[in-house]
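Listed below are the residues making up each chain.
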Amino acid sequence: MKIILRFLLMIAVTSFSQLNAQTLEWLNVFDTHSLGAGPGLHPNSLIDDNGKITTTIIENDTLKLYQTLEDGTIIGSYITEKIIKENHTPLIRKAENELALVYQANPYPGSYWLLHTDSDLDIIEEEMLEFPSGMSFIQIQNLIAYNEEFYLTFLSYPLHYLCKINSDKTLSVIYSGSCEQGFGEDYILLDNGNIIFSYKYGNEHIIRCVSIENETLVWEQSIDRNHGILLDYKMFKAGNVLYTAGLERDWVDGVADDELGISHIDIDTGNIIFQAPVELTYCSGCFIGFENFVYNTINDKIYISYSSGFPQPAVSLVELNNTSEDILNQVYFPIELETEFFQFNKRSVVHIKPDGSLVILYKSYKNATEQMNLYITPLNSQLESLGTFEFHIQELESIEHPSEVLNYDNSRILITGIVPNENSSISLEQVEYFTVMINTDEILSMDNRTDTDFTIKVFPNPANEKVNISVPENMSELIVYDILGKIIHKEEINQKEFTLDIASYQKGIYLLAFSGNHKIVKKLIVN
């Protein structure tokens, strides 16, 4: 059922100053989704050629598509009028701004439906799919459009399937292969019709290249560096190279030893070109939360973000070149960990703007009322903060989880996300969805920079005798850690410029943790 809305569903964020309101251009919060523990918790949005935004959400157990203009005005929606008890694929674009997804309706085992609309949400088709006989426990994954045809991927124990959706809505199997059901899939569609699938099987990261047109497996590659248990893995494509990263955990004398390894794979043959661990030596013996692995096409650099608790809780952003494991730069964003609330989804998002500049979004605990807020920080080419915008939906008093960040234009980003219920016992049983438009250029032009000047200078670096340090007025304490987390030095900061004597330090990497109104960590190399 298509509905034209003649009202604006918008919650004003009264706690933001007038200046911050220029940063936050608009915010839409939708009604509650009352299912729990998984279904529909990854809403996504698409932006068409005219700047119109379409967002998938679930309200009151019903799948809905909302359309929004550039100024946040909601102009229309489509309601499926079916109870959504399980999952749906991300919304995708077909030719000429047509939209499509597949969803599961009604209680288990339910039925599976292809929803296909034009750019104005007028229905082209909404029909039930017929799966091959004998399949059970189906978990739909992704809908793929290629050469004016639709293809559906799904899991049905113990196999992963790629199927073509025929004109009569029956499904024909193109390919099937073994994988672990609980981890899902990632995929990349190549211009030649081949699809790169990525999933876990046993303790291996399995990557398969499948040809849609030939209905064959082109190549398969297994990545197992034998460090420990495979916890997480990600991939992206740049040119003719597939880049992958995997986090493995070993236990040494009861202490976690996490290792992040990267691999470069030839897309045509599946052969491994390069493979090595990333030397995160200053995180030795700590847990890593592997969160982002992205490629910047403007400067040909790779960016990895991860969260850890060493030497204090922080989100770390690492810059690598695209030919080796060498770290070119690394910065830290100290965070406060939540005390009670369940941590859903990853803690940070690394987003690349059209000009190649970076914006990092990360969550940090604020207080018992607001719980965790979302902090949005544009970075310069040295990965230094240019300012930080704190985003919080005051009326909900919970945690803002971004599920997707898109470039709207050169200065604005569109964030789609969820907010669980503030009551941790029902956090994922009552979820609300939001979309928000943030002007990142306005974060740079904030005129209260004395309050947000986090610049700390440590020079020379590397050094071997003394280090000159310059800090803003709001810093009160410095703690120096070695790579094992041992406190080497601690002092109060009483002036904006001072010297640190490092003549007695052994060669290696140290972390300088500054605290005051804000917390900042700098890396020091002693040579």
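A short tour of the structure in this document, coming up. (Residues numbered from 1 in each chain as written. Predicted model: local features only at pLDDT ≥ 70, side-chain atom pairs only at ≥ 80, totals over all residues. Heavy atoms only, no water.)

Of the regular secondary structure elements, the protein chain holds three helices and 40 strands. The 527 residues of the protein chain split such that 56% are buried. A fraction of 50% describes how many contacts in the protein chain between residues 6 or more apart in sequence connect residues 24 or more apart. Counting every atom, the protein chain has about 22,300 Å² of accessible surface; 46% of that belongs to carbon and sulfur. (Helix = DSSP H or I, 4+ residues; strand = E, 2+ residues; numbered from the N terminus. Buried < 20%, exposed > 50% of the residue type's maximum accessible area, 1.4 Å probe, protein only. Contact = heavy atoms within 4.5 Å. Areas by Shrake-Rupley, 256 points an atom, 1.4 Å probe, with all protein chains shown as cover.)

Looking now at the sheet that holds strand β34 (residues 457-459). Backbone-to-backbone hydrogen bonds join strands into a sheet, with any given pair of strands oriented parallel or antiparallel. Strand order across the open sheet formed by three strands is β34-β35-β38, with antiparallel pairing between neighbours. Taken across any chain shown, the strands that pair with only one partner, and hence form the sheet edges, are β34 and β38 (497-501). Put simply, the sheet's adjacent strands are angled 20 degrees from each other on average, direction ignored. Bridge analysis of β34 against strand β35 (residues 466-470) gives three bridges, and the strand direction is antiparallel. Residue pairing across strands places Val458 opposite Ile469, the latter belonging to β35. (Pairing = 2+ DSSP bridges. Axes fitted to C-alpha atoms, helices over the stretch in contact; angles between N-to-C directions.)

For the rest of this paragraph, the subject is the side chain of Glu125. As for its placement among the helices and strands, Glu125 is situated in strand β10 (residues 123-128). Note on Glu125: relative accessible area 16%, which makes it buried. At a separation of 2.9 Å, a polar atom in the side chain of Glu125 contacts the side chain of Lys169. In this view, Glu125 contacts Leu114, Leu115, His116, Phe150 and Lys169; residues no more than four positions away in its chain are not counted. (Polar contact = N/O pair within 3.5 Å; in protein donor to acceptor, adjacent residues only side chain to side chain.)

Take the sheet that holds strand β9 (residues 111-117) next. Here we have four strands laid out as an open sheet, ordered β7-β8-β9-β10, and antiparallel in their pairing. Here the strands that pair on one side only, and so sit at the sheet edges, are β7 (92-93) and β10.

What follows concerns the pairing of strand β22 (residues 272-278). Where strand β21 (residues 255-266) lies against β22, six bridges are found, and the strand directions are antiparallel. In the sheet register, Gly261 faces β22, and the bridge partner there is Pro277. What sits between the antiparallel neighbours β21 and β22 is a turn of five residues, in which Gly270 has the positive phi angle 85 degrees.

What follows is about the packing of aromatic side chains. What characterises a pair of aromatic rings is the spacing of the ring centres plus the angle enclosed by the ring planes. Evaluation of the coordinates by the stated rule reveals 13 aromatic pairs. Aromatic pair Phe197 and Tyr199: ring centres 6.4 Å apart, planes at 10 degrees, arrangement stacked. By relative accessible area, which is 0% here, Tyr199 ends up buried. Aromatic rings pair up to connect Tyr112, Phe131, Phe154 and Tyr161 into one cluster. (Phe/Tyr/Trp six-rings, centres within 6.5 Å; stacked < 30°, edge-to-face > 60°.)

Attention now moves to unusual backbone geometry. Omega for the bond connecting Phe459 with Pro460 falls within 30 degrees of zero, at -10 degrees, which places this linkage in the cis form. Structurally, Pro460 can be placed in the loop between β34 and β35. Cis peptide bonds are those with omega within 30 degrees of zero, and the linkage from Asn461 to Pro462 qualifies with 15 degrees. Note on placement: Pro462 falls in the loop between β34 and β35. Of note, the phi angle at Phe137 is positive, near 50 degrees, even though the residue is not glycine.

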